[in-house]
Amino acid sequence: MARRLTPWRWAVLGLAALYFLVPLAASVVFTVDVAGQGLTFDAYTQILSADGFVSSLLLSLELAVATIAVVLLLMVPAVVALRLGAPRLRPVVEVVCSLPLVVPPIAFVAGIATVLKWGPDHLSRTPLFQTFVAVQNPEFPVVLVLAYVVMALPFVYRALDTGLRAIDVRTLVEAARSCGASWPQALVRAVLPNLRGALLNASFLTLALVLGEFTVARLLGFQPFAVWIYNVGGSQAQMSVAVSVLSLLVTWALLLALAGAGGRTRTASSRG
């Protein structure tokens, strides 16, 4: 049966490769083939010196690190407590964490903008007014971190839930507690090392979401990396496509590195 299915597998893989590689190859040709100049790599060599490239990329990376930290600090204890103490609440948590997939981003950002406009108008004479101002600081917009945390919930929850299904959390926690560890120590020393692959998956998915998110940042008036690519595309189309190609290649490289790290982790755990 496996031998009979092998040609079909190769056919599916070939079609998938064409689906992804043909547009990528066309994009690369567009960036290096300039009318009247022939083959040139100016679109790539000028990326680092482009106005706003470094600042927008650093802003997106800072937002990604903050989002990863907040969403993991929020979800890891929640999913562990859910599995240990309240398994009946799992359907409720699944529905709540899946809501960001149901609500369109345009409706989500419209709600955020309404709240941000409502706050200064009604809280101008209270200490909360400075909070509304601080979360919209262009140098580091905390409001984007909060929005990205909500948007990352479905992916982080699925990754962590899959990792927890592969281990016996209750036995690990009980063993750590019997050795004198407190609940935080049991979580950090017994559970988290066995969730290394799931944590990497959740972090990578969140990083990819933050680097590629456009709607929320654009409508709220901030300029992270995705918005910068869009703005550059209006005046320097080839550079915009070149940056997109490089971003895609870097994302693939990170995905392969993550898969390799996960494979080595599983091999080491099986040998142990």
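The structure under discussion appears in the preceding block.
Parameters at a glance
- Residues numbered from 1 in each chain as written.
- Predicted model: local features only at pLDDT ≥ 70, side-chain atom pairs only at ≥ 80, totals over all residues.
- Heavy atoms only, no water.
- Axes fitted to C-alpha atoms, helices over the stretch in contact; angles between N-to-C directions.
- Helix = DSSP H or I, 4+ residues; strand = E, 2+ residues; numbered from the N terminus.
- Parallel < 35°, antiparallel > 145°, perpendicular 65-115°, else oblique.
- Left-handed = near helix turned anticlockwise from the far one by under 90°.
- Contact = heavy atoms within 4.5 Å.
- Nonpolar A, V, L, I, M, F, W, Y, C, P; charged D, E, K, R; others polar.
- Patch = residues over 30% accessible without salt bridge, like charges linked within 9 Å, V, L, I, M, F, W, Y side chains within 5 Å.
- Areas by Shrake-Rupley, 256 points an atom, 1.4 Å probe, with all protein chains shown as cover.
- Salt bridge = Lys/Arg side-chain N within 4 Å of Asp/Glu carboxyl O.

Examining the packing of helix α4 (residues 90–102) against helix α7 (residues 142–165)
Here α4 crosses α7 at 140°, and the two axes come no closer than 6 Å. The angle between α4 and α7 places the two elements in the oblique class. Of the two possible hands of crossing, α4 and α7 adopt the one that is left-handed. Contact residues: α4 offers Arg90, Val93, Glu94, Cys97, Ser98, Pro100 and Leu101, while α7 offers Val150, Met151, Leu153, Pro154, Phe155, Tyr157, Arg158, Asp161 and Arg165. Considering only residue class, the contact of α4 with α7 consists of 10 nonpolar, 1 polar and 5 charged.

With respect to the environment of Thr171
Relative to the elements of secondary structure, Thr171 occurs in helix α8 (residues 169–178). For the pair Thr171 and Leu123, spaced 48 residues apart in the sequence, the C-alpha separation amounts to 50 Å.

Topic: a nonpolar patch on the surface
Together, Tyr19, Phe20, Leu21, Leu246, Leu248, Leu249 and Trp252 make up a nonpolar patch on the protein surface, roughly 680 Å² of accessible area in all. Counting only elements with at least two residues in the nonpolar patch, the list comes to α1 (2–32) and α13 (237–271). Sorting elements by how many residues they give to the nonpolar patch places α13 first, with 4 residues. Of note, Trp252 is situated in helix α13.

Fair warning: the whole summary comes from geometry, so function is off the table for now.
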